Amino acid sequence: MDRIRDLASKKAAVIFSKSSCFMCHSIKSLFYELGASPAIHELDQDPRGREMELALRGLGCNPSVPAVFIGGKFVGSAKDVISLHVDGSLKQMLMDAKAIWF
């Protein structure tokens, strides 16, 4: 859990992902389209990925990826991020965290 918190706090936007996950790809694409450059941590390519995946499940992320953090705070999974985008608050969250500028 400490590793998750540490990685999540190092950049304004952080996405924990798996390289084979289509929803992870969609969320990463959304962030890029909004102008953000999130830190991406591919759990299937990290030696401690399984441990981090279990820690993400402990945070309530089910499925464990994508898991999105903005400004060091856990935002949620794909469903949560898409809901925030649809209601217009995702962009503001990214601006407040200084992940994007407008």
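Heads up: the structure comes first, above all this text.
A quick note: this is a predicted structure, and the numbers were derived from the prediction, not measured. (Residues numbered from 1 in each chain as written. Predicted model: local features only at pLDDT ≥ 70, side-chain atom pairs only at ≥ 80, totals over all residues. Heavy atoms only, no water.)

(A) The sheet that holds strand 3 (residues 67-70), seen in detail. Pairing within the open sheet is mixed, and its four strands lie in the order 2-1-3-4. A strand with exactly one partner marks an edge of an open sheet, and here the two such strands are strand 2 (39-42) and strand 4 (73-76). Mean inter-strand twist for the sheet, computed between neighbouring axes without regard to direction, equals 25°. Pairing analysis gives four bridges linking strand 1 (residues 13-17) to strand 3, with the strands arranged antiparallel. Bridging from a neighbouring strand, valine 14 pairs with phenylalanine 69 of strand 3. (Pairing = 2+ DSSP bridges. Helix = DSSP H or I, 4+ residues; strand = E, 2+ residues; numbered from the N terminus. Axes fitted to C-alpha atoms, helices over the stretch in contact; angles between N-to-C directions.)

(B) Here's a closer look at unusual backbone geometry. Geometrically, the link from asparagine 62 to proline 63 is a cis peptide bond, its omega value of 10° lying close to zero. With respect to the helices and strands, the residue proline 63 is situated in the loop between helix 3 (49-58) and strand 3. Note that the residue after valine 65, namely proline 66, is joined by a cis bond; omega there is -5°. Even without being a glycine, lysine 98 presents a positive backbone phi close to 65°. Within the secondary structure, lysine 98 is located in the segment after helix 5 (89-96). The exposure class assigned to lysine 98 is exposed, which follows from its relative accessible area of 56%. (Buried < 20%, exposed > 50% of the residue type's maximum accessible area, 1.4 Å probe, protein only.)

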